[in-house]
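# Notes for the structure review
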Protein chains: 2
Amino acid sequence: MKTAILSIGTELLFGQITNTNTVYLSQKLNMLGYDVMYHYTVGDNPERVRAMVELALEDCDLVITTGGLGPTQDDLTKEMVCQVMGDRLVLMDEVLEEIAEYFRRNGRPMTENNRKQAYVPSRAKVFLNEEGSAPGFALEKDGKYVVCMPGPPREMTHMFEKSVMPYLQSMSEDVICYRMLRAFGIGESSLETKLMDLIDAQTDPTLATYAKEGECSVRVASKRKSAEEARVAVDEMVARIMKRVGEYIYSCDDEELVQVVCRKLMARGLTLSSAESCTGGKFAAAVTDIPGISAVFQRGLVTYSNEAKMEELGVREETLKKYGAVSEETALEMAEGLKRVSGSDVCVSVTGIAGPGGATDGKPVGLVYIGLVYGDKKLCRKIQTGDDSRHWNRQYSLLSMLDMINRNVL
Amino acid sequence: MKTAILSIGTELLFGQITNTNTVYLSQKLNMLGYDVMYHYTVGDNPERVRAMVELALEDCDLVITTGGLGPTQDDLTKEMVCQVMGDRLVLMDEVLEEIAEYFRRNGRPMTENNRKQAYVPSRAKVFLNEEGSAPGFALEKDGKYVVCMPGPPREMTHMFEKSVMPYLQSMSEDVICYRMLRAFGIGESSLETKLMDLIDAQTDPTLATYAKEGECSVRVASKRKSAEEARVAVDEMVARIMKRVGEYIYSCDDEELVQVVCRKLMARGLTLSSAESCTGGKFAAAVTDIPGISAVFQRGLVTYSNEAKMEELGVREETLKKYGAVSEETALEMAEGLKRVSGSDVCVSVTGIAGPGGATDGKPVGLVYIGLVYGDKKLCRKIQTGDDSRHWNRQYSLLSMLDMINRNVL
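Computed from a prediction, not measured in an experiment: that's the story for all the values here. (Residues numbered from 1 in each chain as written. Chains lettered and ligands numbered in written order. Predicted model: local features only at pLDDT ≥ 70, side-chain atom pairs only at ≥ 80, totals over all residues. Heavy atoms only, no water.)

Next up on the list: the sheet that holds strand S14 (residues 297-303) of chain A. One open sheet holds the 10 strands; their spatial order is S17(A)-S16(A)-S15(A)-S13(A)-S14(A)-S14(B)-S13(B)-S15(B)-S16(B)-S17(B), and the pairing between them is mixed. Two strands close off the open sheet at either side, each with one partner strand: strand S17 (377-384) of chain A together with strand S17 (377-384) of chain B. Neighbour-to-neighbour, the strand axes of this sheet turn through a mean angle of 10°, independent of strand direction. Here 8 bridges tie strand S16 (residues 367-374) of chain B to S17 of chain B, and the two strands are oriented antiparallel to one another. (Pairing = 2+ DSSP bridges. Helix = DSSP H or I, 4+ residues; strand = E, 2+ residues; numbered from the N terminus. Axes fitted to C-alpha atoms, helices over the stretch in contact; angles between N-to-C directions.)

Printed below as a string of structure tokens:
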């Protein structure tokens, strides 16, 4: 089904926020088998919103809008969509009750403006908003569909997962099944080369590779008459891919590396501590983002200064002098010291030059050492990113720490 | 001048990349006084590109395109723009020489496809590409303008700064000046209420408020005949706003809170350490994201377990038993202990219940205590976010820590 995504919000036209909603929806819609043909963005202006919905429906069968449903502007998008789709707004008690309940739950007063949010098109299929006050809805006319969702990403993604996705799935005749394989330690072009014949020969399942901040992924999708048929086709292709590049794949189900590592640590009851220099707490922050990790993660030490490395971890002054703070020796002493103070099963350390400054003779920006102590194992991995971006070097170090745990412990 | 931004690239429609070009161009164009009315995205399909350029020119005087100029697709965008603007492609020797030079510089062979990139519309003002091989250009017809730039962000931004911006400045009569004020500790609706009369009465300068993850901001913009006139008008309005809500404003120049805090700490040579529980290293990670912070930030302790709080920071077992890990007493003992072990000028601690689980009798998810030791000062701030989102609670705690340092130290 030909689809357009319409983002509504003057702040987008000012470049004040990045349009992550459109990226999210494009990925999801493509996965569900919808052909995303256009992205449009327009400001909070009723006439232009209406003109844009009309325009989008000329070429597409489905238009998905985000934004323009806030309490101070709610008649805007809804009224305009009604005009285009030949409907009118009515007060829906169920929606009003849901909005009132949302404000009760959050202990905030409900205003008259919020009451207006309970008006929805009379023929609409309504999607309740569990994360905010503005409901979403879908409206059909002559085989053309408009789906409207609120703009705040948290509200939109929650509503999409819970209500809009099942609605869209029910509209499609074919069933799409897909799996997303995620890889670390191989570049997108190498991955593509290793799978080239499969990619060239693809009809169904289809294969596509993506790159994202040091990782890459392969999407395997099949569109069949039944879910079972599609699932079998996808699983067969996944097995073929795993045979070729399985050593790089850390998830076949679109899990992030940090999720995979934490899930496995929790399942095996292995405790974890970290000692970070160049990543400055990014590892601890990523791991503690996972709910329930407090059962496993014990302590994280961000030893940015040499004093901190010596005092907190017992790294020897001699080692720092002879080999430098960024060295295999220091990384290992950090991990060993961490083992002594924390007693955790898995102790990981990192030291490196994140950049943009800090390079010295023989030690370029992007040089990073990762230490790991687990049982009798004491390991160190050396990385040279060859890049001078601080953000990239820190991110790549974080992923390498997780990868090292995943390979050597789990 | 009414302006549309047209992004060309099928990968955008798949959601494979985030459209940062459009954010960048929207900011720059607004600053230059161009009214960005629409964003459009279309795939690498000649017919749809042509239709979209035509459509955009109906409503706008200027259309800026990015993408669709690569060596394998170069005739696509250029040919289509020629059709719309009534021109034809010709080989330009100067451009060909520039492309050849680019390949010589990079030690890569130049292909026949790259030679095709030297074709540009005969009437075009050409913008050479110093970062890649595809040139950009501007084409005018009957007072309507199309500017085409390559898609890779590095090539596009370089070309924009160097060539397109001066071109656009020379075309514009008015000058826009704006400032972005950023606030913490006040909600968007309260902020709006306090500025309501100014917002309602706005003609020039214009005011707009925005909300973003616990913070909000006010954009003040003026469009005048001269830059000086616009700047004075903006500064006067900023002064009026500061009088009313200055206590919440931490930056008048669109800096992030972490940047403001780190910049001030570095300027004053104050050292910093952190002890984190619920934020799990997010504070240390945010601070160490700032280049040069190693001169100031000394150590970060992520004391997730009670043992870590006692062993690393000397929090008393008695305190943990009597008041609990999430309490004013524990937060203060964490900060005091951190002062003892690190000796840093500024010692900040945090302990709280990030959720979604972990609530106990009288201690709901979202309850957070922040401790601060600075000189003789020992302070504690209690927060109740009222929210059960782990991500939000951690993010809000991070901002509160920064805000507490900014208010009480800097």
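Over its 19 residues, helix H16 (residues 390-408) of chain A runs 27 Å from end to end, which matches the ideal 27 Å to within 8%, given 1.5 Å per residue. Burial analysis of H16 of chain A places 14 of its 19 residues in the buried class, the great majority of the element. (Expected span 1.5 Å × (residues − 1). Buried < 20%, exposed > 50% of the residue type's maximum accessible area, 1.4 Å probe, protein only.)

Bringing unusual backbone geometry into the picture now. Residue Pro356 of chain A is reached from Gly355 of chain A by a cis peptide bond, and omega for that bond is 0°. Relative to the assigned elements, Pro356 of chain A resides in the loop between strand S15 (346-352) and strand S16 (367-374). Here the bond from Asp204 of chain B into Pro205 of chain B is cis, since omega is 0°, no more than 30 degrees from zero. Tracing the sequence through the fold places Pro205 of chain B in the loop between helix H9 (196-200) and strand S10 (206-212). A positive phi is found at Asp142 of chain A, a non-glycine position, where the angle reads about 50°. Turning to its location among the elements, Asp142 of chain A is positioned in the loop between strand S7 (136-141) and strand S8 (144-149).

When charged atoms on two side chains of opposite charge get close, those side chains can pair. As enumerated under the stated definition, the model contains 49 salt bridges over all chains in all. In this structure, the salt-bridge partner of Arg50 of chain B is Glu47 of chain B, at a minimum N-O distance of 2.9 Å. Of the two residues, Arg50 of chain B and Glu47 of chain B both sit in helix H3 (residues 46-59), 3 residues apart, roughly one turn of that helix. Classification of Arg50 of chain B as partly exposed rests on a relative accessible area of 25%. Exposure remark for Glu47 of chain B: the relative accessible area of 45% places this residue in the partly exposed category. Among the salt bridges present, the one from Glu336 of chain B reaches Lys378 of chain B, with a minimum N-O distance of 3.8 Å. Of this pair, Glu336 of chain B sits in helix H15 (residues 328-342) while Lys378 of chain B sits in strand S17, and the two are 42 residues apart along the sequence. Overlapping salt bridges, with partners in common, bring together Arg179, Glu228, Arg231, Asp235 and Asp253 of chain A in one network. (Salt bridge = Lys/Arg side-chain N within 4 Å of Asp/Glu carboxyl O.)

Our focus in this paragraph is the packing of aromatic side chains. Residue and element names in this part refer to chain A. All told, the structure shown has 15 aromatic pairs over all chains when counted by the stated rule. Each ring, one from Tyr38 and one from Tyr40, has its centre 5.6 Å from the other, and the planes form 25°; the classification is stacked. On the basis of relative accessible area, Tyr38 is assigned to the buried category, the value being 6%. Judged by its relative accessible area of 3%, Tyr40 is buried. Note on Phe127 and Tyr167: the rings are 5.7 Å apart at their centroids and 70° apart in plane angle, and the pair reads as edge-to-face. Taken together, the positions of Phe127 in strand S6 (residues 125-127) and Tyr167 in helix H7 (residues 153-171) put the pair 40 residues apart, joining distant regions of the chain. (Phe/Tyr/Trp six-rings, centres within 6.5 Å; stacked < 30°, edge-to-face > 60°.)

So, on to the interface of chain A and chain B. Taken together, the contact between chain A and chain B spans 55 residues of the former and 58 residues of the latter. Between chain A and chain B, roughly 4,600 Å² of surface is buried when both sides are summed, and carbon and sulfur atoms account for 52% of that area. For the pair chain A and chain B, the interface holds 7 salt bridges. Residue Glu312 of chain A pairs with Arg299 of chain B through a salt bridge whose shortest N-O separation is 2.8 Å. Going through the elements one at a time, helix H1 (10-13), helix H2 (20-31), strand S2 (35-42), helix H3 (46-59), helix H12 (282-287), S14, helix H13 (306-313) and H16 of chain A are the ones with two or more residues in the side of chain A that touches chain B. Taken together, the residues of the side of chain A that touches chain B break down into 25 nonpolar, 19 polar and 11 charged. Here S14 of chain A pairs with strand S14 (residues 297-303) of chain B via 5 bridges, running antiparallel. Bridge assignment links Val302 of chain A to a residue of S14 of chain B, and that residue is Gly300 of chain B. (Contact = heavy atoms within 4.5 Å. Buried area = accessible area lost by both parts, 1.4 Å probe. Nonpolar A, V, L, I, M, F, W, Y, C, P; charged D, E, K, R; others polar.)

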